[in-house]
Amino acid sequence: MAAISREEVAHLARLSRLAVTEEELDRFAGQLDVILQSVARIGEVAADDVPPTSHSVPLTNVYRDDVPQPSLTHEEALSGAPDAYEGRFRVPRILDEED
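Read on for a plain summary of the structure. (Residues numbered from 1 in each chain as written. Predicted model: local features only at pLDDT ≥ 70, side-chain atom pairs only at ≥ 80, totals over all residues. Heavy atoms only, no water.)

## What to know about the overall build of the chain
1) Next: For the chain, the helix and strand inventory stands at three helices and two strands.
2) Next: Going residue by residue from the N terminus, the α and β elements of the chain occur as α-α-α-β-β.
3) Next: Overall, the C-alpha framework of the chain stretches about 65 × 45 × 25 Å when taken along its three principal axes.
4) Next: Here the chain holds 99 residues, and the buried ones make up 9% of them.
5) Next: Long-range pairs, those at least 24 residues apart, make up 29% of the contacts in the chain with a sequence separation of at least 6.
6) Next: A total accessible area of about 9800 Å² is found for the chain, and carbon and sulfur atoms account for 55% of it.
7) Next: When the 9 positive and 20 negative side-chain charges of the chain are each reduced to one mean point, those points stand 4 Å apart. (Helix = DSSP H or I, 4+ residues; strand = E, 2+ residues; numbered from the N terminus. Buried < 20%, exposed > 50% of the residue type's maximum accessible area, 1.4 Å probe, protein only. Contact = heavy atoms within 4.5 Å. Areas by Shrake-Rupley, 256 points an atom, 1.4 Å probe, with all protein chains shown as cover. Lys, Arg positive; Asp, Glu negative; His and termini not counted. Charge placed at Lys NZ, Arg CZ, Asp CG, Glu CD.)

If you want it as structure tokens, here you go:
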């Protein structure tokens, strides 16, 4: 596999909207080349007899049943709020609403 060029790294940086220095282009080219070589080596593994898997060990459902349990009352939950309005947490507006 051919080494990744500085121009290819610069192109990737532009596509990613990353501002990179000339020194970073050289460093990233070397790092990306190592990554691409590692991926290529994985592709060379003869694994025709290995079935595709998503995990190396079998998984079981780890979720518990949804059983109601005692919890805070509405008033208790709002008691620590710095500001409440109509029974809800009130938070500062961060987005402008258009009418």
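Anyway, onward from the coordinates.
## Description of the pattern of salt bridges
1) Next: Across all of its chains, the model carries four salt bridges by this definition.
2) Next: Across the salt bridge formed by Glu-22 and Arg-6, the nearest N and O atoms sit 2.6 Å from each other. Remark: Arg-6 occurs in helix H1 (residues 6-15) and Glu-22 occurs in helix H2 (residues 22-43); sequence separation between them is 16 residues.
3) Next: For Glu-22, a relative accessible area of 52% puts it in the exposed group.
4) Next: Two residues, Arg-90 and Asp-83, come together in a salt bridge whose shortest N-O distance is 3.9 Å.
5) Next: Where salt bridges share partners, they join Arg-6, Glu-22 and Asp-26 into one cluster. (Salt bridge = Lys/Arg side-chain N within 4 Å of Asp/Glu carboxyl O.)

## Looking at the environment of Gln-37
1) Next: Following the sequence through the fold, Gln-37 ends up in helix H2.
2) Next: Taking the relative accessible area as the measure of exposure, Gln-37 reaches 39% and is therefore partly exposed.
3) Next: Sequence spacing of Gln-37 and Val-50 is 13 residues, and the spatial spacing of their C-alpha atoms is 22 Å.

## Re the nonpolar core
1) Next: If you look at the biggest cluster of nonpolar residues, it comprises five residues: Ile-4, Val-9, Ala-10, Leu-25 and Ala-29.
2) Next: At the level of secondary structure, the elements contributing two or more residues to this core comprise H1 and H2.
3) Next: Among residues more than four places away in sequence, those in contact with Val-9 are Ile-4, Leu-25, Phe-28, Ala-29 and Leu-32. (Core = buried A, V, L, I, M, F, W, Y, C linked by side-chain atoms within 4.5 Å.)

Scope: geometric values only; no functional claims are made or implied.
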